[in-house]
Amino acid sequence: MPIIAPSLLASNFLNLEQECKMLNESAADWFHLDVMDGHFVPNISFGFPVIEHLRKATTKPFDVHLMIEDPGQYTERFKKAGADRLTVHLEVCPNLHRNIQQIKSLGMKAGVAINPHSPVELLSDILDDLDQVLVMTVNPGYGGQEFIPHTFQKIRMLHKMKHERGLNLLIEVDGGVTLQNATALLHAGANVLVAGNTVFSSENPKATIETLKNLV
Ligand code: DX5
Ligand code: ZN
């Protein structure tokens, strides 16, 4: 069964308490929290105070996706705010190995995200140290964008690398995941599905999460 991580970026910010309640009662495994800084990506989302408040409203793990420059500067603060899993972008981390060690030393699971244009081969020398790889299937910065089809082959290649090395790695797909493409993504090797608009714009978000959870 896939891990389902609804992205709160597409939720109703005016009623986050209600959204948390819905996710708590749903089959969702994680809360996916998208943090954007207006530098690495052309958008600004939310930061520590929001995450701290959300933390009080759920016991489900927080999967925090940092779309920010110099993420190492804030690792401890994200831990304190309530992050359980912290993912940084390959494109902004010249000392990626150090970032990953720092995340793990604070007791969080560590992930690396790659943009649609970044080859998976660039992860070759860090893969064994990771708990998860987040494959961006749209350009980061906004919810509700259309899935980029060529990212399929990246998921397949990552899956192959994972098996060749016998790694216990989670492969997370993020961006444009729908009820139409989710099964194919799982078959390609993904085991974590992030879904923003597919969940929150649907008539019955809880039922949509349940459907995603039961895909094979
Ligand atoms: C985009 C974010 C995604 C986004 C996904 O930069 O990383 O997590 O919220 O939204 P959908 O599922 O609507 O494409
Ligand atoms: Zn994300």
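On a predicted model such as this, the values are computed, not experimentally measured, just so you know.

Quick notes on the rules
- In this convention, every chain numbers its residues from 1, walking through the sequence in written order.
- Ligands are numbered from 1 and chains lettered from A, in the order in which they are written.
- In view of the model being predicted, local features appear only for residues whose pLDDT reaches at least 70, and side-chain atom pairs are presented and counted only at 80 or more, with totals across whole chains, interfaces and linings using the full set of residues.
- Only hydrogens and water are set aside; all other atoms, that is, all heavy atoms of the structure, feed into the side-chain values.
- A run of H or I in DSSP counts as a helix once it spans at least four residues, and a run of E counts as a strand once it spans at least two, with each numbered from the N terminus.
- Expected span, for any helix, means 1.5 Å times one less than how many residues it has.
- Exposure is judged per residue with a 1.4 Å probe applied to protein chains only, and the accessible area is read against the type maximum: over 50% gives exposed, under 20% gives buried, and values in between give partly exposed.
- Think of a nonpolar core as a cluster: buried Ala, Val, Leu, Ile, Met, Phe, Trp, Tyr and Cys residues, connected wherever their side-chain atoms sit within 4.5 Å.
- Only heavy atoms matter for contacts: two residues are in contact if any of them lie within 4.5 Å across the pair.
- Water is absent from the atoms considered, so a metal site may look incomplete; donors are defined as N, O and S atoms within 2.8 Å of the metal, or 3.2 Å for Na, K and Ca.
- Just to be clear on the cut-offs, tetrahedral is four donors with all angles between 85 and 135 degrees, square planar is four donors and octahedral six with opposite donors over 155 degrees apart and all others between 65 and 115, and anything else goes down as irregular.
- Proximity is defined per residue: any heavy atom of the residue falling within 4 Å of a molecule or strand makes that residue near it.
- Any pair of nitrogen or oxygen atoms within 3.5 Å is treated as a polar contact; in protein, a donor-acceptor pairing is required on top of that, and neighbouring residues in sequence qualify only through side-chain atoms on both sides.
- Using a 1 Å grid laid over the protein atoms alone, points where a 1.4 Å probe fits but cannot get out form a cavity; open sets with protein on both sides within 12 Å along at least 5 of 7 lines form a pocket; any residue with an atom within 4 Å of a point counts as lining.
- To be counted as sitting in a cavity or pocket, a molecule needs more than half of its atoms within 2 Å of that site's grid points.
- Amino acids outside the nonpolar list (Ala, Val, Leu, Ile, Met, Phe, Trp, Tyr, Cys, Pro) and the charged list (Asp, Glu, Lys, Arg) are all regarded as polar, and Gly is one of them.
- In this analysis an axis means a line fitted to C-alpha atoms, helices contributing only their contacting stretch, and an angle means the value between N-to-C directions, from 0 to 180 degrees.
- What makes a crossing left-handed is the near helix being turned counterclockwise from the far one by less than a right angle; a clockwise turn instead makes it right-handed.

So what about helix α5 (residues 151-165)? Which residues, and what values?
Taking 1.5 Å per residue as the helical rise, α5 with its 15 residues ought to reach 21 Å, and the 21 Å between its terminal C-alpha atoms agrees with that figure. Taken together, the buried positions of α5 are Thr151, Phe152, Lys154, Ile155, Leu158, Met161 and Lys162.

An account of the nonpolar core is needed here, citing residue identities and associated values.
Grouped together as the largest cluster of nonpolar side chains are 65 residues, with contacts concentrated most on Leu33, Val64, Phe78, Ile100, Leu123, Leu127 and Leu158. Those residues in contact with Val64 that sit more than four places away from it in its chain are Leu33, Val35, Phe78, Ala83, Arg85, Leu86 and Thr87. Membership of the second largest hydrophobic core comes to 6 residues, among which are Ile3, Ala5, Val192 and Val194.

Can you tell me about the coordination of the zinc ion (ligand 2), naming the residues and giving the values?
Every protein donor of the zinc ion (ligand 2) is listed here as His32 (NE2), Asp34 (OD), His65 (ND1) and Asp174 (OD), and their distances to the metal cover 2.0 to 2.3 Å. For the zinc ion (ligand 2), the 6 donor atoms in the first shell make angles of 70 to 169° at the metal, so the coordination geometry reads as octahedral. Sequence spacing of the donor residues for the zinc ion (ligand 2), all on one chain, is H-x1-D-x30-H-x108-D. Residue Asp34 is located in strand β2 (residues 31-36), and its partner Asp174 is located in strand β7 (residues 170-174); the two are separated by 140 residues in the primary sequence.

For the site of ligand 1, give the residues involved together with the corresponding values.
Taken together, 20 residues sit near ligand 1, with Ser7, Gly141, Asp174, Gly196 and Asn197 positioned nearest. Contacts to ligand 1 include Gly144, whose backbone N or O atom sits 2.9 Å from an oxygen atom. For ligand 1, an oxygen atom lies 2.8 Å from a polar atom in the backbone of Gly196. Under a 2 Å grid-point criterion requiring more than half of the atoms, the pocket assigned to ligand 1 is the largest pocket. Broken down by secondary-structure element, the contributors of at least two residues to the shell around ligand 1 are β2, β3 (62-67) and β8 (192-195). It is β2 that contributes the most residues to the shell around ligand 1, 3 residues altogether. Looking at the shell around ligand 1, its residues break down into 8 nonpolar, 10 polar and 2 charged.

Pulling in residues and values, what's your account of the packing of helix α1 (residues 16-25) against helix α8 (residues 205-213)?
Direction vectors running N to C along α1 and α8 enclose 35°, while the axes themselves pass 10 Å from each other. Like other packed secondary-structure pairs, α1 and α8 cross with a definite hand, here right-handed. Seen from α1, the contacting residues are Met22, Leu23 and Glu25; seen from α8, they are Pro205, Lys206 and Ile209. Partitioning the contact of α1 with α8 into residue classes produces 4 nonpolar, no polar and 2 charged.

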